[in-house]
Amino acid sequence: MAEKPVLLVVDPQNDFCPGGALAVPEGDQVVPVLNEYIRRFREAGLPIIATRDWHPAQTRHFTSGGGVWPPHCIQDTPGAAFRSDLYLPPDTPIISKGTHPDEDAYSAFQGKDKQGRDLTTLLRELGVTEIYIGGLATDYCVRSSTLDALKQGFRTTVLEDAIRGVDLQPEDSQRALEEMDRAGARRIRLAEAREALAATR
Ligand code: VGL
């Protein structure tokens, strides 16, 4: 059966880029690569979904609430905005996650769009069978979203050149990639995307 892929763009937000509150090293470098994947998906008429970390000012996710992270991606602040150099089509559905003060919500599958639909519902409505995932951060939101996607039975491809990790411990991202491999994810780079997308039809 033909696969129907979606591009899942994970948390390309100011706070996760250099100069932001929880800067991922080289986080900004995923943006031009994501733009190229976005362009290819659009040209192929394939859907794109973006996620964002969207926290209240007080949450147990932050050090101030007993968590491990400095405050970041607080709802409606400039740090929570998508990078201005990211070209998301204007009608892109947005999944917000971590909106509740009691959750970390690293996985895109824990978020909801503005109509209250979760990602699984949205993917079913779109008839999606396969997920291509890129963005920030490799060792947190990309990892959790990928593992959940695989658990739910989606064929899942990690866009290796469109991700960067926090690496609180050195090698965290490498370990996360190996864990995703073991769980059944495939990895590709931009140069392989044309072939991969052509094979879906
Ligand atoms: C993330 C660390 C803390 C992520 C979110 O989006 O990967 N990482 N909060």
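For the rest of this paragraph, the subject is the pairing of strand E5 (residues 155-164). Burial within E5 is extensive, with seven of its 10 residues counted as buried. Direction of pairing for strand E4 (residues 130-136) relative to E5: parallel, over a ladder of six bridges. Within E5, the position partnered with Glu130 by the bridge is Arg155. Of the crossover connections in this fold, the one passing from E4 over helix H3 (residues 138-151) to the parallel E5 is right-handed. Inspection of the sheet shows E5 paired to strand E6 (residues 186-188) by three bridges, in the parallel sense. In the sheet register, Leu159 faces E6, and the bridge partner there is Ile188. Taken together, E5, helix H4 (residues 172-183) and E6 constitute a β-α-β crossover, and its handedness is right-handed.

A few words on the site of the ligand. Around the ligand, the neighbouring residues are Asp11, Phe16, Leu22, Asp53, His61, Trp69, His72, Tyr106, Leu136, Ala137, Tyr140 and Cys141. One nitrogen or oxygen atom from the side chain of His61 is found 3.3 Å from a nitrogen atom belonging to the ligand. A distance of 2.9 Å is found between an oxygen atom of the ligand and a backbone nitrogen or oxygen belonging to Ala137. Contact with the protein chains removes 100% of the 260 Å² of surface that the ligand exposes when unbound. Across the shell around the ligand, the residue classes tally to eight nonpolar, two polar and two charged.

Another point: the sheet that holds E5. Strand order in the open sheet formed by six strands is E3-E2-E1-E4-E5-E6, and the pairing between neighbours is parallel. Sheet topology places strand E3 (94-97) and E6 at the edges, where each strand pairs with a single neighbour. Direction aside, neighbouring strands of the sheet carry axes that sit 25° apart on average. Of the pairings in the sheet, the one linking strand E2 (residues 48-53) to E3 comprises four bridges and is parallel in character.

Right, let's get into the side chain of Asp139. Here Asp139 shows up in helix H3. An unpaired buried charge is present at Asp139: no salt bridge exists, and Arg175, the closest side chain of opposite charge, is 8.2 Å distant. At 2.9 Å, the side chain of Asp139 and the backbone nitrogen of Val166 are in polar contact. Apart from the residues within four sequence positions on either side, Asp139 is in contact with Gly165, Val166, Asp167, Leu168, Asp172, Ser173 and Ala176.

One can describe the packing of helix H1 (residues 30-43) onto helix H5 (residues 190-198) by two numbers: an axis separation of 11 Å at closest approach and a directional angle of 15°. If you check the angle between H1 and H5, you find them roughly parallel. Classified by chirality, the crossing of H5 by H1 is right-handed. Across from Val33, Glu36, Tyr37, Arg40 and Phe41 in H1, the residues of H5 making contact are Leu190, Ala193, Arg194 and Leu197. Here the contact of H1 with H5 is composed, by residue class, of six nonpolar, no polar and three charged.

In this structure, Leu7, Tyr37 and Tyr132 are the most contacted members of the largest nonpolar core, which totals 33 residues. Looking at this core, the elements that each hand over two or more residues are strand E1 (5-10), H1, E2, E4, E5 and H5. When residues in this core are grouped by element, the largest group, seven residues, is from H1. Non-local contacts of Tyr132, meaning those with residues more than four positions away in its chain, are made with Pro5, Val6, Leu7, Leu8, Phe41, Thr157, Leu159, Arg186, Ile188, Ala196, Leu197 and Thr200. Residues Ile49, Ala108, Val128 and Ala176 belong to the second largest nonpolar core, which totals 25 residues.

For the structure shown, the criterion picks out 18 salt bridges. The salt bridge involving Glu36 is made with Arg39; its shortest N-O contact spans 2.6 Å. Taken together, the residues span about one helical turn, with Glu36 and Arg39 both in helix H1 at a distance of three residues. On the accessibility criterion, Arg39 (39% relative accessible area) is partly exposed.

Reading the values: the criteria
- Residues numbered from 1 in each chain as written.
- Predicted model: local features only at pLDDT ≥ 70, side-chain atom pairs only at ≥ 80, totals over all residues.
- Heavy atoms only, no water.
- Buried < 20%, exposed > 50% of the residue type's maximum accessible area, 1.4 Å probe, protein only.
- Helix = DSSP H or I, 4+ residues; strand = E, 2+ residues; numbered from the N terminus.
- Pairing = 2+ DSSP bridges.
- Right-handed = clockwise from strand over helix to strand, strands pointing away.
- Near = heavy atom within 4 Å.
- Polar contact = N/O pair within 3.5 Å; in protein donor to acceptor, adjacent residues only side chain to side chain.
- Areas by Shrake-Rupley, 256 points an atom, 1.4 Å probe, with all protein chains shown as cover.
- Nonpolar A, V, L, I, M, F, W, Y, C, P; charged D, E, K, R; others polar.
- Axes fitted to C-alpha atoms, helices over the stretch in contact; angles between N-to-C directions.
- Lys, Arg positive; Asp, Glu negative; His and termini not counted.
- Salt bridge = Lys/Arg side-chain N within 4 Å of Asp/Glu carboxyl O.
- Contact = heavy atoms within 4.5 Å.
- Parallel < 35°, antiparallel > 145°, perpendicular 65-115°, else oblique.
- Left-handed = near helix turned anticlockwise from the far one by under 90°.
- Core = buried A, V, L, I, M, F, W, Y, C linked by side-chain atoms within 4.5 Å.

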